[in-house]
Amino acid sequence: MTDAPYVPPKVWTWNKENGGQFANINRPIAGPTHDKELPVGKHPLQLYSLATPNGVKVTVMLEELLALGHKGAEYDAWLIRIGNGDQFGSGFVDINPNSKIPALMDRSGPEPVRVFESGSILFYLAEKFGAFLPNDVKARTEAMSWLFWQMGSAPYLGGGFGHFYAYAPTKIEYAIDRFAMETKRQLDVLDRRLADNEYLAGKEYSIADMAVWPWYGALAKGLVYGAGEFLSVQDYKNVQRWTDQIAQRPAVKRGRMVNRVSGDPASQLHERHDASDFETKTQDKLVPAT
């Protein structure tokens, strides 16, 4: 005997957790759940984040700006543990009413400027420092198109495929097939673009690459959702080439470490307040091996 098919009610009500990983932080209302002020460090830019793909976008950008010599891009990176609900603290909600990481506060001017949504932060920093966004109108527009492509596409990868393949309490064939198909289509879109272009905007490395790489580069290397074999990621040769090329950039290596709380302790820099922290404050140096 099979279960009866689900019939949606006329009016949906939130009367139970949805199950699966992250169920404890899902809710149908916005706003803070508790009062908590955010710390403020010594640098002009204050970042509140976690090294998810969206968080990595911004720390890579900041490290790339510093590598170019933009001293005004010095930043404090504070850890927001989303599994603990830190993003629902009143101070964080004041910066990002959507309660998602990353969130940035720019205190370099007479009045602080809040910036939320990772794509918006990348564009803000590119405009502020005049870097990683081509000046040529055609290339600039291409970069912006790929930036917006990522913002629109990744929810199908993460909230769609990633959720139903890796996190949902039950495996639903229809949902996994639906989003696996879309994820592979997106990989093909990237692969075709990168067949004739070194980077997404063309010849120049830009914020488009910084936005797309943490999601689709990790996917191409089988680092997210345990789905590399399932999606045959090795078949996307141009994505693989582009992924490897970006991964070798020193600023990218540093950016991936910031606010990271999993993996090799030597790759985890929970908070970043100075460039020297990469050498002295990774978890392998703070927590003795047992």
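What counts and what doesn't
Residues numbered from 1 in each chain as written. Predicted model: local features only at pLDDT ≥ 70, side-chain atom pairs only at ≥ 80, totals over all residues. Heavy atoms only, no water. Axes fitted to C-alpha atoms, helices over the stretch in contact; angles between N-to-C directions. Helix = DSSP H or I, 4+ residues; strand = E, 2+ residues; numbered from the N terminus. Parallel < 35°, antiparallel > 145°, perpendicular 65-115°, else oblique. Contact = heavy atoms within 4.5 Å. Nonpolar A, V, L, I, M, F, W, Y, C, P; charged D, E, K, R; others polar. Salt bridge = Lys/Arg side-chain N within 4 Å of Asp/Glu carboxyl O. Buried < 20%, exposed > 50% of the residue type's maximum accessible area, 1.4 Å probe, protein only.

A. Local environment of the packing of helix α5 (residues 173-195) against helix α8 (residues 237-247). Relative orientation of the contacting elements α5 and α8 amounts to 75 degrees, with a least axis distance of 7 Å. With respect to each other, α5 and α8 are oriented roughly perpendicular. Taken together, the residues of α8 that come into contact with α5 (itself represented by L187, L190, D191, L194 and A195) are K237, N238, V239, R241 and W242. Looking at the contact of α5 with α8 residue by residue, the class counts come to six nonpolar, one polar and three charged.

B. A look at the environment of E204. Following the sequence through the fold, E204 ends up in the loop between α5 and α6 (207-220). Measuring from C-alpha to C-alpha, the distance between E204 and V258 comes to 25 Å, with 54 residues separating the pair along the chain. Among residues more than four places away in sequence, those in contact with E204 are P134, Y199 and D209.

C. Geometry of the pattern of salt bridges. Applying the stated criterion across every chain, the model contains twelve salt bridges. For E74, the salt bridge is made with R272, and the minimal N-O distance between the two is 2.7 Å. Of the two residues, E74 is situated in the loop between α1 (53-67) and β2 (75-79) and R272 in the loop between α9 (250-257) and α10 (277-280); the sequence distance between them amounts to 198 residues. Residue classification places E74 among the buried residues on the basis of a relative accessible area of 18%. Judged by relative accessible area, R272 falls into the buried class, the value being 0%. A salt bridge links E127 to R140; the shortest N-O distance between them is 2.6 Å. Taken together, the positions of E127 in helix α3 (residues 118-129) and R140 in helix α4 (residues 137-167) put the pair 13 residues apart, joining distant regions of the chain. Relative accessible area serves as the criterion here: at 25%, R140 is assigned to the partly exposed category. What emerges from the salt-bridge pattern is a single network uniting E63, E74, R254 and R272.

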